[in-house]
Structure formats: C-alpha cells, structure tokens
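Chain by chain, the residues run as shown.
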Amino acid sequence: MFATACAAPPEEPAAVGMVERYFAENNAAARSGPAAQQEFFRRTQHPDFTDLSCDLGDTTVELDPAMSTLRPDPGYAPDGLPPRGEIWVVGVEVTTRTAGTVTGHQIGSQHLVVLDGRLRGFAPCPNG
C-alpha cells in the first residue's frame, strides 16, 4: 500500500497582489499622461516621505516588475530613516518617456511598503 501526501503550496503574501496592482495602476497612470501619473505618485507616496516627491514635468515612468524578485527588506532606510510598515523590494525595468518619446531605460529596484492595509511607494525624483 502506498501513502501519498500532498503539501499545500505556501500561501502567497498579501503584499504580492498589492504590488501587482500598484504597478498596473502606475503604468495605467503613465499611459494617461504626466498629470495622471503625478496624481498617482501623490496618492501613493509613503506618508513619512511626502517631502521627497518632486514634479516630473512632462515625463512619465513605466515600471515593469520582476515579481520573482519580490522579497521583504526590513533594513531599508532612505536617508537613515526606516519607513513605518512592512517593507518590500522588487527588481524593475524602468522606462521613462517625455512627450511620448523614450528618454531612458534601465534596470533597478523599487521599494514599497504595506502600511495600514495600503501599499505605499516612493515617487521617483530625477537626480540632477
């Protein structure tokens, strides 16, 4: 007689669905134009870092996450200040457009935070 046991797959953290929705909403806002994306960044900015957002002008930012890289990152502390909440990081492919023309393309990482049941981010701010 053979006995078989099937282990249930590990449960997906709630953050995964939230992260997927965040990127879908970001990219929908980017397709709608700079004003819509600026509003998205304003609405989703982590409340501890609202002073770190900036106006992107005519630039939009599309983010394509590599969800297999999503992992907790409790040590993240921009400017030495750890944000409140459950911190996650994911690899992303970033494409910037200005007036509809691709102006930049790179691979990077994006930090996101689950705080009070909502996903918060950190709006991009070009160096310069």
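Under an unreviewed UniProt entry, the name given to the protein is Nuclear transport factor 2 family protein, and the organism recorded is Saccharopolyspora antimicrobica.

Enquirer: Just to check I follow, could you spell out helix α1 (residues 14-32) for this structure?
Expert: Note that an α-helix has 3.6 residues per turn; residues three or four places apart therefore point the same way. A rise of 1.5 Å per residue sets the reference length of α1, with its 19 residues, at 27 Å; its end C-alpha atoms lie 28 Å apart and thus fit the reference within 8%. What α1 keeps buried is the set Ala 15, Val 16, Gly 17, Met 18, Val 19, Tyr 22, Phe 23, Asn 26, Asn 27, Ala 29 and Ala 30. Positive backbone phi, at 120°, marks Gly 33, one or two positions downstream of α1.

Enquirer: Sorry if this is basic, but what is going on with the layout of surface pockets here?
Expert: Rolled over the atoms, a probe sized like a water molecule indicates the empty space that remains. By volume, the largest pocket is sized at about 640 Å³. Lining the largest pocket are 27 residues, and of these Gln 110, Phe 122, Ala 123, Pro 124 and Cys 125 sit closest to its centre. Those elements that provide at least two residues to the lining of the largest pocket are β1 (59-72), β2 (86-98) and β3 (101-115). No other element matches the seven residues that β3 contributes to the lining of the largest pocket. For the lining of the largest pocket, a count of residues per class yields 16 nonpolar, 11 polar and no charged. Of the volumes computed, that of the second largest pocket is approximately 160 Å³. Every residue along the wall of the second largest pocket is listed here: Met 18, Arg 21, Tyr 22, Glu 25, Phe 40, Arg 43, Thr 44, Gly 117, Arg 118 and Leu 119. For the lining of the second largest pocket, the secondary structure elements donating two or more residues are α1, α2 (34-44) and β4 (118-120).

Enquirer: Before we go on, may I ask you to explain the sheet that holds β2 in this structure?
Expert: What holds strands together in a sheet is hydrogen bonding between their backbones, with the strands either parallel or antiparallel. If you trace the four strands from one edge of the open sheet to the other, you get β1-β2-β3-β4, paired in antiparallel fashion. Sheet topology places β1 and β4 at the edges, where each strand pairs with a single neighbour. For this sheet, the mean angle separating the axes of adjacent strands, direction not counted, is 30°. Sitting on the sheet, α1 is in contact with β1, β2, β3 and β4, with an inclination near 165° to β1.

Calculation rules
Residues numbered from 1 in each chain as written. Predicted model: local features only at pLDDT ≥ 70, side-chain atom pairs only at ≥ 80, totals over all residues. Heavy atoms only, no water. Helix = DSSP H or I, 4+ residues; strand = E, 2+ residues; numbered from the N terminus. Expected span 1.5 Å × (residues − 1). Buried < 20%, exposed > 50% of the residue type's maximum accessible area, 1.4 Å probe, protein only. 1 Å grid on protein atoms, 1.4 Å probe; cavity = no way out; pocket = protein on both sides within 12 Å on 5 of 7 lines; lining within 4 Å. Points joined across faces, edges and corners; volume = space filled by probe spheres on them. Nonpolar A, V, L, I, M, F, W, Y, C, P; charged D, E, K, R; others polar. Pairing = 2+ DSSP bridges. Axes fitted to C-alpha atoms, helices over the stretch in contact; angles between N-to-C directions. Contact = heavy atoms within 4.5 Å.

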